[in-house]
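One-letter residues, chain by chain:
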Amino acid sequence: MNRFHHWYCRSGHWRLKLQSEILPWAVNGLQLAAMAPALEIGPGPGLTTEWLCEHGAGPACLEIDPGLALDLRRRLGAAGVRVYIGDATQMPFDEGRFSIVLAFTMLHHIPSRALQDRMFREAYRVLQPGGILAGVDSSDSWLLRLFHIGDRMLPLVPSELPARLEAANFANVQIDIRGERFRFLAYRPPARVH
Ligand SMILES: C[S@@+](CC[C@H](N)C(=O)[O-])C[C@H]1O[C@@H](n2cnc3c(N)ncnc32)[C@H](O)[C@@H]1O
């Protein structure tokens with residue numbers, strides 16, 4: 001992430017926006033406290049992680065930036081948050097380990113369509129049957145591009161997401177658009193009983 005992002009993603013302004021608007025909308029209808037074990041990918045400085053802890057869903061975290069990951073481990077380790085340094089397109093977890101995978105404002109930081117699709121397949125793999133992938137991201141805009149000058153980013157097109165998530169074997173995909181943001185929800189289908 002560029003320096004602006006490093007500053008903004010830990011700012012009071014972003015915290016307020018997350019708490020009052022983005023996170024309640026992104027996980028609306030999900031019983032987070034009943035969905036352990038949870039995995040958050042791309043927590044960054046962890047304002048999202050703190051909110052998840054306050055709402056009963058202390059997650060494991062997977063963060064690609066070692067500095068951010070170690071910082072978060074130092075800050076929230078005592079609260080029981082396990083922070084892993086690693087890449088969400090190659091997750092260091094066994095199949096079926098989590099009930100829910102959460103991705104807040106991080107998809108567009110995965111720099112190619114192929115890698116984004118690989119992340120969807122990885123999220124599917126680490127979810128239990130019946131598990132959920134949920135999150136929120138920003139659509140393409142001049143403001144988003146301005147925020148990412150000197151940074152790697154590839155905004156997703158919300159209308160393309162159902163087909164892309166279904167290609168990763170997810171079902172019941174739901175996409176909702178609100179202004180410049182969209183939220184997504186997709187299920188790993190339950191195991192078949194023979
Ligand atoms: C814009 S920040 C969002 C942070 C936090 N989720 C929030 O909403 O405040 C995106 C984060 O995703 C992380 N990230 C990007 N690509 C990743 C990947 N492939 N695997 C894990 N983390 C990744 C970045 O290092 C960064 O910390």
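About the cut-offs
Every chain's residues receive numbers from 1 upward, in the order its sequence appears when written. For a predicted model such as this one, the threshold for reporting local features is a pLDDT of at least 70, and the threshold for listing and counting side-chain atom pairs is 80 or more; totals across whole chains, interfaces and linings nevertheless cover every residue. Each helix is a run of DSSP H or I of at least 4 residues and each strand a run of E of at least 2, with the numbering of both proceeding from the N terminus. Expected span, for any helix, means 1.5 Å times one less than how many residues it has. Our exposure labels follow a C-beta count within 10 Å of each residue's own C-beta, placed from the backbone: buried means 20 or more other C-beta atoms, exposed means 12 or fewer, and partly exposed covers the counts in between. What counts as a contact here is a pair of residues whose C-beta atoms, placed from the backbone, lie within 7 Å. To obtain each axis, a line is fitted to C-alpha atoms, and for helices this fit is confined to the stretch in contact; angles are then taken between N-to-C directions over 0 to 180 degrees. Reported orientations rely on four angle classes, namely roughly parallel under 35 degrees, roughly antiparallel over 145, roughly perpendicular from 65 to 115, and oblique for the rest. Crossing handedness: left-handed means the near helix sits turned counterclockwise from the far one by under a right angle, and right-handed means the same turn made clockwise. Residue polarity is assigned by list, with Asp, Glu, Lys and Arg as charged and Ala, Val, Leu, Ile, Met, Phe, Trp, Tyr, Cys and Pro as nonpolar; anything else, Gly included, falls into the polar class. Placing the C-beta atom from the backbone, one calls a residue near a molecule or strand if that atom lies within 6 Å of it. When DSSP finds at least two bridges between two strands, those strands are taken to pair.

Section: helix 5 (residues 113-126)
Stage number 1. Taking 1.5 Å per residue, 14 residues should reach 20 Å; helix 5 reaches 20 Å between its end C-alpha atoms and fits that length.
Stage number 2. All buried positions along helix 5 are accounted for by M119, F120, E122, A123, Y124 and V126.
Stage number 3. Contact partners of the buried residues in helix 5: strand 1 (38-41), strand 4 (98-104), strand 5 (127-138) and helix 7 (161-167).

Considerations on the packing of helix 2 (residues 12-26) against helix 3 (residues 47-54)
Each pair of packed helices gets described by two things: the angle between the helix axes and the distance between those axes.
Stage number 1. Following both chains from N to C, one finds helix 2 and helix 3 inclined at 50°, their axes separated by 10 Å at the closest point. In this view, helix 2 runs oblique relative to helix 3, as classed from their interaxial angle. At the point where helix 2 passes helix 3, the crossing takes the right-handed sense. For the pair helix 2 and helix 3, contact is made by W14, R15, L18, Q19 and L23 and by L47, T48 and W51, respectively.
Stage number 2. Taken together, the residues of the contact of helix 2 with helix 3 sort by class into 5 nonpolar, 2 polar and 1 charged.

Here we look at the site of the ligand
Stage number 1. Contacts to the ligand come from 22 residues, most closely from G42, G44, I64, A88 and M106.
Stage number 2. Elements with a minimum of two residues in the shell around the ligand: helix 3 and strand 2 (60-63).
Stage number 3. Its residues assigned to classes, the shell around the ligand comprises 12 nonpolar, 7 polar and 3 charged.

With respect to the sheet that holds strand 5
Stage number 1. Pairing in this open sheet of 7 strands is mixed, and the strands run 3-2-1-4-5-7-6 from one edge to the other. The sheet terminates laterally at strand 3 (83-85) and strand 6 (171-178), the two strands that pair on one side only. Strand after strand, the sheet turns through a mean of 15° between neighbouring axes, direction not considered.
Stage number 2. One ladder, built from 4 bridges, connects strand 1 with strand 4; its direction is parallel. Looking at strand 4, one finds that E40 is bridged to L102.
Stage number 3. Together, strand 1, strand 2 and strand 4 form the strand contacts of helix 3, whose direction differs from that of strand 1 by roughly 160°.

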